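# Structural overview for review
Here is how the chains run, residue by residue.
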Amino acid sequence: RSDENSVVKQACGQVWKAVVQNTPRTLRELLPTLMTRLIANLASTNREKQRVAARCVGDLVGKLGERVMPELMPIFMDTLSEGDAHV
């Protein structure tokens with residue numbers, strides 16, 4: 001959904017809607033894994049990965065709002081404190 005290519009964005013949206021019945025619940029379930037990957041992409045030297053990851057984080061916060069922030073911060077902090085080579 002956060003891809004810069006509109007064809008990819010549209011195709012992903014169609015697949016997501018066909019597979020996922022409850023987006024907020026599914027996002028909350030996937031949040032730890034998703035955030036780890038997003039943080040790695042935010043720290044990437046590849047500018048496109050950084051832009052897509054930043055848009056995705058913005059979409060998550062926009063979609064789930066204040067409900068997701070208490071869940072996001074511990075994931076951010078844990079990932080940063082682990083000293084991952086990609087972050």
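Residues numbered from 1 in each chain as written. Predicted model: local features only at pLDDT ≥ 70, side-chain atom pairs only at ≥ 80, totals over all residues. Heavy atoms only, no water.

With 89% of its residues at a pLDDT of 70 or more, the protein shows a mean pLDDT of 82. No element of the protein has a lower mean pLDDT than helix 4 (residues 69-81), which averages 75, and none a higher one than helix 1 (residues 6-19), which averages 91. (pLDDT = per-residue confidence, 0-100. Helix = DSSP H or I, 4+ residues; strand = E, 2+ residues; numbered from the N terminus.)

With respect to the helices and strands, Thr26 occurs in helix 2 (residues 23-42). When its relative accessible area of 17% is taken as the criterion, Thr26 is described as buried. Beyond its immediate sequence surroundings of up to four residues, Thr26 is in contact with Trp16 and Val20. (Buried < 20%, exposed > 50% of the residue type's maximum accessible area, 1.4 Å probe, protein only. Contact = heavy atoms within 4.5 Å.)

Let us look at the pattern of salt bridges. Note on pairing: side chains with opposite charge can pair once their charged atoms come close. Scanning all chains against the criterion turns up 1 salt bridge. In this structure, Arg25 and Glu29 form a salt bridge, with 3.9 Å as the shortest nitrogen-oxygen distance. Remark: Glu29 and Arg25 occur in helix 2; sequence separation between them is 4 residues, near one turn of the helix. When its relative accessible area of 44% is taken as the criterion, Arg25 is described as partly exposed. Judged by relative accessible area, Glu29 falls into the exposed class, the value being 58%. (Salt bridge = Lys/Arg side-chain N within 4 Å of Asp/Glu carboxyl O.)

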